Structures are given as structure tokens and as C-alpha cells.
Amino acid sequence: MGWLRRTFSALGHDLFRRYWSSQLLSLIGTWMQTTAQQYLVLELTGGSSAALGWVTAAQFTPSLLLSLFAGAIVDRVPRRTVLLLTQTGFLLTATALAVSTHLEIVTLPLVLGLAFVHGMAQAFDMPARQSIVVDLVPRSSVANAIALNSFSFNVSRTTGQALFGLVVAGGVALLAGGDEGALSRLAFPFYLNVASFFLVMYVIATLPFPPRQAAPRGSVLEQIGDGLRYVRGNHDVSSVMWLVGLLSLTVINFNIVIPYFAREVFGAREAAFGLMSAVFGAGAVAGALYQASKPNPVRFLRLGALILVGATAAFAWVPGPTLGLPLLALAGFGMLSFLVSANSTVQLIIPDELRGRVMSLYSFVLAGMGPPSAIFVSFMIGKTGPLGPHWGLSVVAALGALSLLALWRQLPRTLPQQAEKGKKG
């Protein structure tokens, strides 16, 4: 019971509990949509890894272009306003995907365009959501709240992707007239995601956000410069961000690896595809829960990244989905252990007045690397690529390992407050 109370301690704060619960439900719908969109792209293109990569690139390009600007806006505008606008953007793109897929008029260019619009909303949503944690819990609970946010993200991933096969089966009956090959069957996950946004928007609209300090002075460009100078001058923050960016460019791209290996390398159908994604998500849930129970978020910066790289390298050579499942679980555990450690470490170091701008830079190196990573990884693992799926993924894992090795000694081992306490003791 002590472990349980410690692991979920941030949920004892009412504001955070309400926000967290609404996000959990909404994210289940989002992950059903993400999985359906990946499968839709593969069906529209006859199994093209390149098309899957380009859609992913379209979704994350706005984060690459707008994250720094978004961070300055988040520090100036009420976060409630930002979050309501981003949720509205997500709602509209999900509705367009649902209707066009239901009517079977959906095309790859339309999916690309909607992915880009979704990405524009996401560029503002990520720093706002990451910054809001400190508004809803005291500082002593920040690391636990960040871990629980990652836990909800990955519980929803596991649940949403596991439900994908069942929901599509429902779509066959409800929308496709029993035709298992009709594209309209894939509209049902999109419709369910549309419904989920109404609850989260209601919670955001009614949540009593604590008052914030006055907005920073100066132009947006000056404020962006302040955030960049802070990160450049803080060795601990900059080394963590470098590693997040380099691993995002290489091994943190299972939204390309899993669907491509499932459908094109293993020849799996929707159920196995959903199971592989769900198992990866279950490993991520375990990683987030493990981190939530630990008071020191710095511990797993190195070990989490090492587990992720090793599991990715091993997965490259499995002959089928069954043997790949435990490796996907291990990769998910390593990835979330590393990312929760990285996010918590940065959040506990940076000052509140720079939080939106610094976390927007964090979003830039995490999500902004999505476009070049999607293109690079899909090229490397494609059957028509230079190395093929197995050797291609092995090279991607090796590049991730080299990145970790290069930054190993520079990564922080303690938080600044802990180092000061150690000196005084």
C-alpha cells in the first residue's frame, strides 16, 4: 500500500486529478485514431513505408517550425485559452478524417493535410500541457505528476491500440455493411475520438486554474532568445535535451517501426498489429509507473536509454511478432523510463518564468525531430531501402547507441538541489 500511495500521490490533489482523468479518456480516443490513421495510410498506398513516414513528417513538421514561438505564446497567454484552442483543432481534424473515411473519399493528400493541421495544434498543445503540471500540484509532487501524465499517455496507448481491432470490427458492422475490406470500417475509431474531446474541453473550461505571474515583457523574439540563452548556459538542461533530440531522431520512432514491421515484414493483420502496439504501450506504462514510484528522476536517464537502444537492436532480427512482443515491451519500458526522467529533470531545474519557452524547446527536440526521423527511419527500414528492414533498423539502433555514448559523462547524476544538500551534509 505504501508503494501504491507513493506512486499515485499526485492524484491526491483535486485539480490535477480532474485534469488527469479527462486526459486519460481523451487520449484513449486519440490512440485509436492514431492507429487507425497508420493502417489507413498503409491501405491507401499498398503498404508504403515512405508514405507512412511522410504522414508522420507532416504531423510533426509544425513542432519543428513553431515550437519556440509556441513556447513564448504559452508564457504570455492563459493556458486555458491555449488548451481550448488546441483541443478544438484536434476535434475538427478528427471529424474531417471520420467523415471522409466513412464516405470513402479519403485520399493520401487529404490525410497529409489533416496531419499537418493536427500538428499545428500539437505544437502549441505540448508545451502548454507540459507546463500546466506545475499549476496543479506543489513542487514536491511535480516529478510524480509528470510520471503519472506519462502513465496516462501510455495506458491510453495500450488501451486504445488494443481496442483498435475490436473497434474496427464494430466499424465493419456499423459503417461498412459487413464488408471487411471497405475503408469505411476505419472511420469508427475517428468518430469515437471526436466524442472524447467534448469531455476534456468541458473539464478545461471549468477547471479553476491558479493565478499566474504577470506575462513576461519584451517581444516574442526577445523572449525566445531568453529561453535559448538559458538552455545554452545550463549544462545539465542542454545535455539532457541533446540526448532527447538525438534519440528522437533515431530509436524513438516506433510509430513507424511497429506498423511497418507488423504489416510488411511479418504480414500481420489488424489484430496482431494492435497487439504489438499495445504490448509496446504496456511496457511504456510499466516504465512510467516505475518512475512514478522513484523520488530521483535522474537515475534512469542513462539506463532507460540503454534499455531502449538494446531492445530496438534485438527487435530488428526477430522472425515474427510473437518473439518480438517481449522486446517491444522492453523497448517501451526503456523509452518511457528515459523520457520521464528527462522531462522531470528539466522541469525541476528550470525557473517558472521560463517554463513555457524551455518546455517548448524540449518539445522541439522531442516532437520536432519527428519529420526528419520519420523520413530517415522509413527509408532505412523499407524493403526498397539500402539495407532492408533488419539491417536498416540495426543501423538506426547503432546510431542511438553512439549518441548515448557521446553524452554519457555529460548527463547530470543529481538535481542541483540534491547536490547542494550533499555538500551541506
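Here the structure is a predicted model, which is why all the values come from computation and not from measurement.

## Topic: the overall build of the protein
Of regular secondary structure, the protein possesses 17 helices and zero strands. The globule rule puts the C-alpha radius of gyration for 425 residues at 22 Å, and the 21 Å found for the protein is close to it. A principal-axis box enclosing the C-alpha atoms of the protein has dimensions of 70 × 50 × 45 Å. Considering only intrachain contacts with a sequence separation of at least 6, the fraction spanning at least 24 residues in the protein is 84%. For the protein, the accessible surface area stands at approximately 16600 Å², while carbon and sulfur atoms represent 67% of it. Separation between the mean location of the 28 positive side-chain charges and that of the 16 negative ones in the protein comes to 11 Å.

## Regarding the nonpolar core
Looking at soluble globular proteins, one finds that nonpolar side chains tend to be buried together. Counting 118 residues, the largest nonpolar core has Phe16, Met241, Phe315, Phe338 and Val346 as the members making the most contacts within it. No other element matches the 13 residues that helix H13 (residues 321-349) contributes to this core. Once residues within four sequence positions are removed from consideration, Met241 is found in contact with Val231, Val346, Val358, Leu361, Tyr362 and Val365.

## Regarding the environment of Leu66
Within the secondary structure layout, Leu66 lies in helix H3 (residues 49-76). C-alpha separation for the pair Leu66 and Met120, spaced 54 residues apart in sequence, amounts to 7.7 Å. When residues no more than four places from it in sequence are discounted, the contact partners of Leu66 are Ala123 and Phe124.

## Re the side chain of Ser378
You can see Ser378 is positioned in helix H15 (residues 370-381). Residue Ser378 is classed as buried on the basis of its relative accessible area, which comes to 5%. The contact partners of Ser378, leaving out residues within four places of it in the chain, are Ser49, Ala50, Gly53, Ile256 and Ser373.

## A closer look at the packing of aromatic side chains
Per the stated rule, a full pass over the model turns up 11 aromatic pairs. A centroid spacing of 5.3 Å and a plane angle of 45° characterise the contact between Phe261 and Phe315, whose relative ring orientation is tilted. Of this pair, Phe261 sits in helix H10 (residues 254-265) while Phe315 sits in helix H12 (residues 300-315), and the two are 54 residues apart along the sequence. By the burial criterion, Phe261 is buried, and Phe315 matches it. For the ring pair Tyr290 and Phe333, a centre distance of 6.0 Å and an interplane angle of 55° mean the geometry is tilted. Placement of Tyr290 in helix H11 (residues 270-292) and of Phe333 in helix H13 is noted, with a sequence separation of 43 residues between them. The class of Phe333 is buried, set by a relative accessible area of 19%.

## Some details on the pattern of salt bridges
By the definition in use, this model includes five salt bridges. The salt bridge partner of Asp226 is Arg229, with a shortest N-O separation of 2.6 Å. Residue Asp226 and its partner Arg229 are located together in helix H8 (residues 220-233), separated by three residues, close to a single helical turn. On the accessibility criterion, Asp226 (33% relative accessible area) is partly exposed. Exposure remark for Arg229: the relative accessible area of 47% places this residue in the partly exposed category. As a salt-bridge pair, Arg263 and Glu264 come within 2.8 Å of each other at their nearest N and O atoms. Relative accessible area serves as the criterion here: at 24%, Arg263 is assigned to the partly exposed category.

## Regarding a nonpolar patch on the surface
A contiguous nonpolar patch, built from Trp317, Leu387, Trp391, Val395, Leu399, Leu402 and Leu405 and spanning about 710 Å² of accessible area, is present on the exposed surface. Residue position: Leu387 is located in the loop between H15 and helix H16 (388-407). We classify Leu387 as partly exposed; its relative accessible area is 41%.

## Re the packing of helix H2 (residues 14-45) against H3
Two elements in contact, H2 and H3, have axes separated by 9 Å at closest approach and are oriented at 135°. Classed by the angle they form, the pair H2 and H3 counts as oblique. Considering the relative orientation of H2 and H3, their crossing is right-handed. Residues Gln37, Gln38, Val41, Leu42 and Thr45 of H2 form the contact with H3, whose participating residues are Ala51, Leu52, Val55 and Gln59. The class makeup of the residues in the contact of H2 with H3 is five nonpolar, four polar and no charged.

Basis of the calculations
- Residues numbered from 1 in each chain as written.
- Predicted model: local features only at pLDDT ≥ 70, side-chain atom pairs only at ≥ 80, totals over all residues.
- Heavy atoms only, no water.
- Helix = DSSP H or I, 4+ residues; strand = E, 2+ residues; numbered from the N terminus.
- Rg over C-alpha atoms; globule rule 2.2 N^0.38 Å.
- Contact = heavy atoms within 4.5 Å.
- Areas by Shrake-Rupley, 256 points an atom, 1.4 Å probe, with all protein chains shown as cover.
- Lys, Arg positive; Asp, Glu negative; His and termini not counted.
- Charge placed at Lys NZ, Arg CZ, Asp CG, Glu CD.
- Core = buried A, V, L, I, M, F, W, Y, C linked by side-chain atoms within 4.5 Å.
- Buried < 20%, exposed > 50% of the residue type's maximum accessible area, 1.4 Å probe, protein only.
- Phe/Tyr/Trp six-rings, centres within 6.5 Å; stacked < 30°, edge-to-face > 60°.
- Salt bridge = Lys/Arg side-chain N within 4 Å of Asp/Glu carboxyl O.
- Patch = residues over 30% accessible without salt bridge, like charges linked within 9 Å, V, L, I, M, F, W, Y side chains within 5 Å.
- Axes fitted to C-alpha atoms, helices over the stretch in contact; angles between N-to-C directions.
- Parallel < 35°, antiparallel > 145°, perpendicular 65-115°, else oblique.
- Left-handed = near helix turned anticlockwise from the far one by under 90°.
- Nonpolar A, V, L, I, M, F, W, Y, C, P; charged D, E, K, R; others polar.

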